[in-house]
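# Coordinates in review
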Amino acid sequence: MKNYLLLVLFIGMCSSIFAQGNFSIYRDNGNNLETNFYKKLSTNLKNNRGDVTGNPFMGEKLELGSLILNGGVAQVFYMRYNVLEQRIEFSDTNNVETLKMLPRENNILIQLDGKTYQYLNLGNLPAGYYEIVTTFDEDTLLLVHHNKNIYNIEQKSSYNSSQKSKLKSSQKIYFLDNKNAIEIDNHIKRCLKAFPKSTQPVLKTYIKENKLKFNDEYKGLIALLNKYITL
């Protein structure tokens, strides 16, 4: 887990530069690091959606994002997150025809559209890409795993025989503590079920006294987990 924390800390140093759009610094002795990394990979991707309606991506449009390999120099690419296939698609040009799949390795951090992602395959976590919401310490993280699954429409009559399958979005939140992942709800009442019963009364009181709000920014959940860590 220590290497995960180092990567997360390093990406903070790069984020201000990335936000300014000053991409010319990502070079080494005149060599374009982005192109070298990109060219080493295999053939371009093909996305075949078949008879499925819906967007498999976390925002289909290509956006400039940054990659950090092994805590090294940030590299800038055009990217999108294919949630259905659990892969990051990237290119050195703003052209979907040139996209390739980023290797699924846990030593690569991805910053895209204001969020940080990492491929994780450890402990009891399902393997896949996770949004890193916050890092409490080197062994403790709050993660979100985004999913998109194909929902097959049951063909009950000729009326819906031509209807396509649909994509359904969902997500699961995990509190990762020393490689032990606990699924937790971002909800004022249901979140308590994730904790040992001995701590639930204290946490319930903490929520009430501090008027914690459980919203999409996870501020209430983060505050609650910070309290739990001290118990």
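Since the model is a prediction, treat every value here as computed from it, not as a measurement. (Residues numbered from 1 in each chain as written. Predicted model: local features only at pLDDT ≥ 70, side-chain atom pairs only at ≥ 80, totals over all residues. Heavy atoms only, no water.)

Before going further, it helps to spend a moment on the pairing of strand β10 (residues 128-137). Sheet analysis places strand β9 (residues 115-120) next to β10, joined by four bridges and oriented antiparallel. Looking at β10, one finds that Gln118 is bridged to Tyr130. Here β10 runs beside strand β11 (residues 140-151); their pairing, made up of five bridges, is antiparallel. Bridging across to β11, Ile132 finds its partner in Leu143. The loop that links β10 with its antiparallel partner β11 comprises two residues. (Pairing = 2+ DSSP bridges. Helix = DSSP H or I, 4+ residues; strand = E, 2+ residues; numbered from the N terminus.)

Time to look at empty space enclosed by the protein. Throughout the structure, instances matching the rule amount to one cavity of 30 Å³ or more. Space inside the largest cavity adds up to approximately 40 Å³. Lining the largest cavity we find Phe175, Ile182, Ile184, Ala194, Phe195, Pro196 and Tyr228. Taken together, the residues of the lining of the largest cavity break down into seven nonpolar, no polar and no charged. (1 Å grid on protein atoms, 1.4 Å probe; cavity = no way out; pocket = protein on both sides within 12 Å on 5 of 7 lines; lining within 4 Å. Points joined across faces, edges and corners; volume = space filled by probe spheres on them. Nonpolar A, V, L, I, M, F, W, Y, C, P; charged D, E, K, R; others polar.)

Residues Leu142, Cys191, Leu221, Leu224 and Leu225 are the most contacted members of the largest nonpolar core, which totals 20 residues. Residue assignment for this core shows that the elements contributing at least two residues are β11, β12 (165-177), α3 (200-210) and α4 (219-230). Tallying contributions element by element places α4 first for this core, with six residues. In this structure, Leu67, Met79, Ile88 and Tyr119 belong to the second largest nonpolar core, which totals 15 residues. (Core = buried A, V, L, I, M, F, W, Y, C linked by side-chain atoms within 4.5 Å. Buried < 20%, exposed > 50% of the residue type's maximum accessible area, 1.4 Å probe, protein only.)

So, on to the pairing of β11. With nine of its twelve residues buried, β11 lies for the most part within the structure. Inspection of the sheet shows β11 paired to β12 by twelve bridges, in the antiparallel sense. Pairing of Ile150 across the sheet is with Leu167, part of β12.

Read these as spatial facts, not as claims about activity.
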